[in-house]
Amino acid sequence: MKTRSLGPIEVGSQGLGCMGMSAFYGADRDDAESIATIHRALELGVTMLDTSDAYGPHTNEELVGRAIADRRDRVVLATKFGIAERDADGHARIRGDADYVRSAAEDSLKRLGVDHVDLYYQHRVDRTVPIEETVGAMAELVEQGKVRHLGLSEASADNIRRAHAVHPITAVQFEWSLWSREIEVEIVPTARELGIGVVAYSPLGRGFLTGSIRSTDDLAPTDFRRIAQPRFTGENLERNQAIVESLRAVAAQHDVTPGQIALAWVQHRGSDVVPIPGTKRRKYLEENVAAALLELTPEQLATIEAAVPADAVAGERYSEGSMKSIDR
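Read on for an overview of the structure. None of these values were measured; they are calculated from a predicted model.

What counts, and where the lines are drawn
Residues numbered from 1 in each chain as written. Predicted model: local features only at pLDDT ≥ 70, side-chain atom pairs only at ≥ 80, totals over all residues. Heavy atoms only, no water. Helix = DSSP H or I, 4+ residues; strand = E, 2+ residues; numbered from the N terminus. Buried < 20%, exposed > 50% of the residue type's maximum accessible area, 1.4 Å probe, protein only. Pairing = 2+ DSSP bridges. Right-handed = clockwise from strand over helix to strand, strands pointing away. Polar contact = N/O pair within 3.5 Å; in protein donor to acceptor, adjacent residues only side chain to side chain. Contact = heavy atoms within 4.5 Å. Axes fitted to C-alpha atoms, helices over the stretch in contact; angles between N-to-C directions. Expected span 1.5 Å × (residues − 1). Salt bridge = Lys/Arg side-chain N within 4 Å of Asp/Glu carboxyl O.

## Topic: unusual backbone geometry
Step number 1: Backbone torsion omega between Gly 56 and Pro 57 reads 0°, so that peptide bond is classified as cis.
Step number 2: Following the sequence through the fold, Pro 57 ends up in the loop between strand 4 (48-50) and helix 2 (59-68).
Step number 3: The residue His 58 is not glycine, and still its phi comes out positive at about 80°.
Step number 4: Within the fold, His 58 resides in the loop between strand 4 and helix 2.

The structure is reproduced here in structure tokens:
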């Protein structure tokens, strides 16, 4: 796999999102297969592993820590803090005060079994605390050698600028895919102006763009897509099937899967963009990595975008409660 730069960090052109190994997509955990998937990813040239203290909560960091215990030097390790807890309706309690930043970092290091994190994100912005206080505390972690680089997730362009003025921000993480393109208007231009890399999470539309989800019945009863993702429910799900059918037609012309076309589109957003598709199985990991090798012409990319118009998606990204935690 080729490499890309997120600011000063060189990483494989595709990372691995580890969230689904421990949380949110149902209760069918298989830690042995998840660890094998992480090991296979490193063999294939994937170097950045993405986790968070909110995944589980906590259990995903522990899993990743076990997986990399004997190969830490091969990993660009990214984790996050800031979602202190969630209630049953998906409302998140966000914390960005300096004391919480320090304690969260210490706890993550212990769970991961490492002495430093390569990329430390604020998972969600605490709008009750000035971003300068939060990033100031994060910068102290850099000075102490506990964190190498700083990032923000789902932050507004204004807060990205304010944070970057306190300490260089290396990467910003946002949902970005063929059916989530809001960041192209303001966030991406801001990041590029400041020399900040963009990490794209859910580049496969939380699995929908693979074509494997045709009905809510395809999701486990505890899968949060049934509960907190309006695009996967009722009429929205039915309307969004047209997007996948359009992708199938394009994919057939290239003899690849719809998911590979969707992922290749994200890979082509720029050399400063690193998608982190999530999976807990080696089979799908290898399919995703193969998409990183697809070379598409500008004409082909235009055809893909025409097949999936940005305004054709039915439903919000998150539930009303979860959207309240998004800084815009």
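Moving on from the model shown.
## Let's talk about the pairing of strand 5 (residues 76-81)
Step number 1: Counting buried residues in strand 5 gives six out of six residues, a clear majority hidden from the surface.
Step number 2: Residues of strand 5 alternate between two faces, with Val 76, Ala 78 and Lys 80 on one and Leu 77, Thr 79 and Phe 81 on the opposite face, all of them buried.
Step number 3: Of the strand pairs in this sheet, strand 4 and strand 5 are connected by three bridges, and their pairing is parallel. Directly across from Met 48, in strand 5, lies its bridge partner Val 76.
Step number 4: Tracing the backbone out of strand 4, into helix 2 and back to the parallel element strand 5 gives a crossover that is right-handed.

## Quick look at the side chain of Thr 79
Step number 1: Tracing the backbone through its elements, the reader meets Thr 79 in strand 5.
Step number 2: Classification of Thr 79 by relative accessible area gives buried; the value is 0%.
Step number 3: Among the polar contacts listed, one links the side chain of Thr 79 to the side chain of Glu 61, at a separation of 2.6 Å.
Step number 4: Sequence-distant contacts of Thr 79, defined by excluding residues within four places in its chain, comprise Thr 51, Ser 52, Asp 53, Glu 61, Ser 108, Leu 112, Val 117, Leu 119, Tyr 120 and Tyr 121.

## Some words on the sheet that holds strand 4
Step number 1: Reading across from one edge, 3-4-5-8-9-10-11-12 is the order of the eight strands in this open sheet, with parallel pairing throughout. With one partner strand each, in any of the chains shown, strand 3 (16-17) and strand 12 (273-275) form the two edges of the open sheet.
Step number 2: Across the sheet, helix 2 touches strand 4 and strand 5, and the angle it forms with strand 5 is around 165°.
Step number 3: The sheet contacts of helix 4 (residues 131-143) involve strand 5, strand 8 (117-122) and strand 9 (147-153), and relative to strand 9 the element is tilted by about 155°.

## Details of helix 1 (residues 31-43)
Step number 1: The terminal C-alpha atoms of helix 1 lie 18 Å apart, and with 13 residues this matches the ideal 18 Å at 1.5 Å per residue to within 8%.
Step number 2: Along helix 1, the residues that are buried comprise Glu 33, Ser 34, Ile 35, Thr 37, Ile 38, Ala 41 and Leu 42.
Step number 3: In this structure, the buried residues of helix 1 make contact with strand 3, strand 4, helix 2 and helix 10 (282-291).
Step number 4: Following helix 1 by one or two positions, Gly 45 adopts a phi angle in the positive range, close to 100°.

## Focus on the pattern of salt bridges
Step number 1: All chains considered together, the criterion is met by 28 salt bridges.
Step number 2: Here Arg 317 makes a salt bridge to Glu 175, at a shortest N to O gap of 2.9 Å. Remark: Glu 175 occurs in strand 10 (residues 169-175) and Arg 317 occurs in the loop between helix 11 (298-307) and helix 12 (320-323); sequence separation between them is 142 residues.
Step number 3: Judged by its relative accessible area of 4%, Glu 175 falls in the buried class.
Step number 4: Between Arg 248 and Glu 245 there is a salt bridge, and its shortest N-O distance comes to 3.2 Å. Residue Arg 248 and its partner Glu 245 are located together in helix 8 (residues 234-254), separated by three residues, close to a single helical turn.
Step number 5: Residue Arg 248 is classed as partly exposed on the basis of its relative accessible area, which comes to 26%.
Step number 6: One salt-bridge network, in which partners are shared between bridges, spans Arg 181, Glu 184, Arg 269 and Glu 305.

So, to be careful, I would describe these as geometric facts and stop short of saying anything about function.
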